[in-house]
Amino acid sequence: MTLISFVVPAFRVQGYLRECLDSILGQPVTDIEVIGVDDCSPDDGGEILAEYAARDQRMHAIRLTENVGLGPARNIGLDRAVGEYVWFVDGDDWLAPDCLVEVAERLRADRPDVLLVDHVRTHWNDTATRSAMAEVFPEPPGEGTFRLRDRPETLHLLHTAWNRLVRRRFLVELGLRFAPGWYEDVSFSYPVLMAAERIAVLDRVCVNYRQRRAGAITRTRGDRHFEVFEQWHRVFRLMDSWGPAVDELRPAVFERMIWHYLTVLGNGQRIAPELRPGFFRQITADYARWVPPDGRPAPAGVEGLKYRLVAAGRWRTFSALRTASQARDATRRTARGTKRRVAPAARRTARTARDAMLRGYYRAELQRPVDQTLAVYAAYWYRGYACNPAAVYEAARRLAPQVRGVWIVRRDRVHTLPEGVEYVVAGTPAYHRVLARARWLVNNVNFPDFVRKRPEQVHLQTHHGTPVKVMGLDQQRYPLGAGGMDFAGLLRRVDRWDYSVSSNSFSTQMWERAYPAAYTTLEVGYPRNDRLVTATAEEVRRVRADLGLGPGERVVLYAPTHREHLPGYRPPFDPDRFLDVLGPTGRLLMRSHYFHDRDRRAARRPVYRDRIRDVSAHPRVEDLYLAADVLVTDYSSAMFDYAVLDRPIVVYAPDWDAYRLARGVYFDVTAEPPGAVARTSADLLDLFRSGEYGSDAAGKARQQFRARFCALEDGRAAERVVRRVFLNEPPESRPAC
């Protein structure tokens, strides 16, 4: 028999859904099922659920044809559940490792109607805040069960559906369902506790409650927060129908209702100022309607004062006290901030007069009008003309000739620019001027911190690869690979983005996790890959000839990624032995990561110097892809780009286990590779010696990889970006549910 049925609704949580499902299905308890409900989500949440269902028989995916909301979606999952207990887990939260072992033991030992579990609030900056469990139960309840009337303080635990497992038969017999609308947990969680004869508490953190930086309803202003009142009305109407059996609980439930109302009102991210008087009036009305017949003693201190003001309907006094409290808190924060700024201020005084002059010049330029015809392009921290920005630049010249494109480049890289490309040198007055006045800012990394995006400016972030290794905020969990990153500063830069280009659904999901902000995603393919799609056989021959490669030679491109946690790392790779295996027609192109652009050393012997070429300095990696017959890489995003060409790829992963632990990865390239996999140098040689790198099995793996990651690469990605960002044309419509 299935012990636990997990119900996981999915709506706009594609960036977090995989982590949620992995945390459940990866538990060392097998008698479970997971029912994923795609609530007609406009993202790829439904595809993720279907993907997991296809590979794990414990997973079931339901796709709704219209959006019904979180509560009704949970009801649909509940109707499909067969487990003895049901656990409603939100798609952006995740379970603690191995917690299910203790949960299952407790369920089997006590057979409760409800099992409450602990949680932590996990914030975007990788900090965690404990729940109120320790405050509610200073002495852990221990094993056994109780009724709510015996422990009414249990009501002070967070009133969510995901921190409790409910016996399914008890729930069905009770006839309790989730109501539609926001705050749907209220009219479910409190009645469940009031009706339960056997409540158990597991003092073990089981749920990571994600505090999203963007996208959560708790951070969304609007009048839908008024729906909290109807949810509480449902609770009291249900209590009325149950009669005297729950009368003794009314004071505690009433107190919880007023506390909740005041919590919502006090959150400036929910209730806009113009809505607060009306919200307060409704609190006063509900206070009068539901206050227990014998009255309700107000809490002590400030909370008690709030209750008395609510009861009297004195909004002006309540608002004035709230404003005074906020001002006091702001003063304290300012005092703390002044202390923290002492050290940076000392460092600023040491800056050169030239830097101060340029910053002043930049600030002055910010006061001048934005140039409505100017677009600024940059790539790889001003390393030159490359990647997605170059492809967008070329498409804009064709489709939006009225836009003047200017590139920012380092002085030592000016010579790499194509003829006729207008540029400014980084750090000069002209550089500061174009950053201050350009209508469009296009980059595949972030501009410096001093750049301030003006309201009229449009920031297009193109990125520079589909991620294998974790990025952005996700790097906080892997400090060895984070290299002392300033994550708060990173988010300030991310907040400048208006558009984020994505090459595939997988990248979209990871960018939403790694870079949570209010930008618009352009899931259109990678502009730089348009050339790989449209290149003719003649262009390939020309590129090979320019590189000195003959028509009958077998060319292998070796392109490993950078390892932040291992500076100077060189994979165990012997070019001499590799060329022996390739034979006399073999050629080897070796390209280091762009982080090593000042370290152009390639391991080689004189006897093979004519057949090995270091192409790390070659300005366009797309040329190298077109020239190569085979790609050998490790965890680089090169595999996603090269797969567009549908040519053999070998994943050479000699340090895979160490890399994924130290740096962190989003998926297992050895389990879902784009071709053959070698874990040792001997394996690598064997793949080429036997020809297995081009086998049917390797080809099948490549086709599956291409279907997942390259479906959007049709040669029109740059055009789609230009039409949306520069010409303001509407996006191509996405199929409805």
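Going by the structure above, here's the rest.
What this report covers is the structure whose coordinates are included nearby. Quantities reported herein were computed from a predicted structural model and do not represent experimental measurements. (Residues numbered from 1 in each chain as written. Predicted model: local features only at pLDDT ≥ 70, side-chain atom pairs only at ≥ 80, totals over all residues. Heavy atoms only, no water.)

For the coordinates displayed, the defined rule picks out 57 salt bridges. For Glu102, the salt bridge identified is with Arg204, shortest N-O distance 2.9 Å. Of the two residues, Glu102 sits in helix 4 (residues 99–110) while Arg204 sits in strand 9 (residues 199–211), which places them 102 residues apart along the sequence. With a shortest N-O distance of 2.8 Å, Arg563 and Asp655 are connected by a salt bridge. A residue pair is termed long-range when its members are at least 10 positions apart, and Arg563 in the loop between strand 17 (554–559) and helix 22 (575–582) and Asp655 in the loop between strand 21 (649–652) and helix 25 (656–662) qualify at 92 residues. (Salt bridge = Lys/Arg side-chain N within 4 Å of Asp/Glu carboxyl O. Helix = DSSP H or I, 4+ residues; strand = E, 2+ residues; numbered from the N terminus.)

So, on to the packing of helix 15 (residues 387–399) against helix 28 (residues 717–725). Running from amino to carboxyl end, helix 15 crosses helix 28 at an angle of 65°, the nearest separation of the two axes being 9 Å. Here helix 15 and helix 28 pass one another in a crossing that is right-handed. The segment helix 15 lies against helix 28, with Ala391, Val392, Ala395, Ala396 and Leu399 engaging Ala718, Glu719, Val721, Val722 and Arg723. Its residues assigned to classes, the contact of helix 15 with helix 28 comprises eight nonpolar, no polar and two charged. (Axes fitted to C-alpha atoms, helices over the stretch in contact; angles between N-to-C directions. Left-handed = near helix turned anticlockwise from the far one by under 90°. Contact = heavy atoms within 4.5 Å. Nonpolar A, V, L, I, M, F, W, Y, C, P; charged D, E, K, R; others polar.)

Among the structural elements, Asp683 can be located in helix 26 (residues 681–690). Considering only alpha carbons, one finds Asp683 and Pro654, 29 residues apart in sequence, at a separation of 9.8 Å.

The N-to-C vectors of helix 9 (residues 250–266) and helix 11 (residues 301–312) enclose an angle of 90°; their axes lie 11 Å apart at closest approach. Here helix 11 runs roughly perpendicular to helix 9, going by the angle between their axes. Taking contact as the criterion, the partners of Glu255, Ile258, Trp259 and Leu262 in helix 9 are, on helix 11, Lys306, Tyr307 and Val310. Its residues assigned to classes, the contact of helix 9 with helix 11 shows five nonpolar, no polar and two charged. (Parallel < 35°, antiparallel > 145°, perpendicular 65-115°, else oblique.)

Turning to the sheet that holds strand 16 (residues 520–523), a few remarks are in order. Strand order in this open sheet of seven strands is 12-11-10-13-14-15-16, and the pairing throughout is parallel. Single-partner strands in this sheet number two, and they are strand 12 (423–425) and strand 16. If you compare each strand with its neighbour and ignore which way they point, the axes differ by 25° on average. Across five bridges, strand 10 (residues 371–378) lies against strand 13 (residues 438–443) in parallel orientation. (Pairing = 2+ DSSP bridges.)

The topology assignment puts Arg250 in helix 9. Residue contacts for Arg250: discarding those within four places in its chain leaves Phe236, Met239, Asp240 and Pro292.

Turning next to the pairing of strand 17. Burial analysis of strand 17 places five of its six residues in the buried class, the great majority of the element. Pairing between strand 17 and strand 18 (residues 586–590): five bridges, direction parallel. Bridge pairing in strand 18 links Arg554 to Gly586. As judged from the four bridges shared by strand 17 and strand 20 (residues 630–633), these two strands associate in the parallel manner. Note that in strand 20 the partner of Tyr558 across the bridge is Val632. (Buried < 20%, exposed > 50% of the residue type's maximum accessible area, 1.4 Å probe, protein only.)

Tracing the backbone through its elements, the reader meets Gly26 in the loop between helix 1 (14–25) and strand 2 (32–38). Placed 689 residues apart in sequence, Gly26 and Gly715 show a C-alpha to C-alpha distance of 39 Å.

On their own, these measurements won't tell you what the molecule is for.
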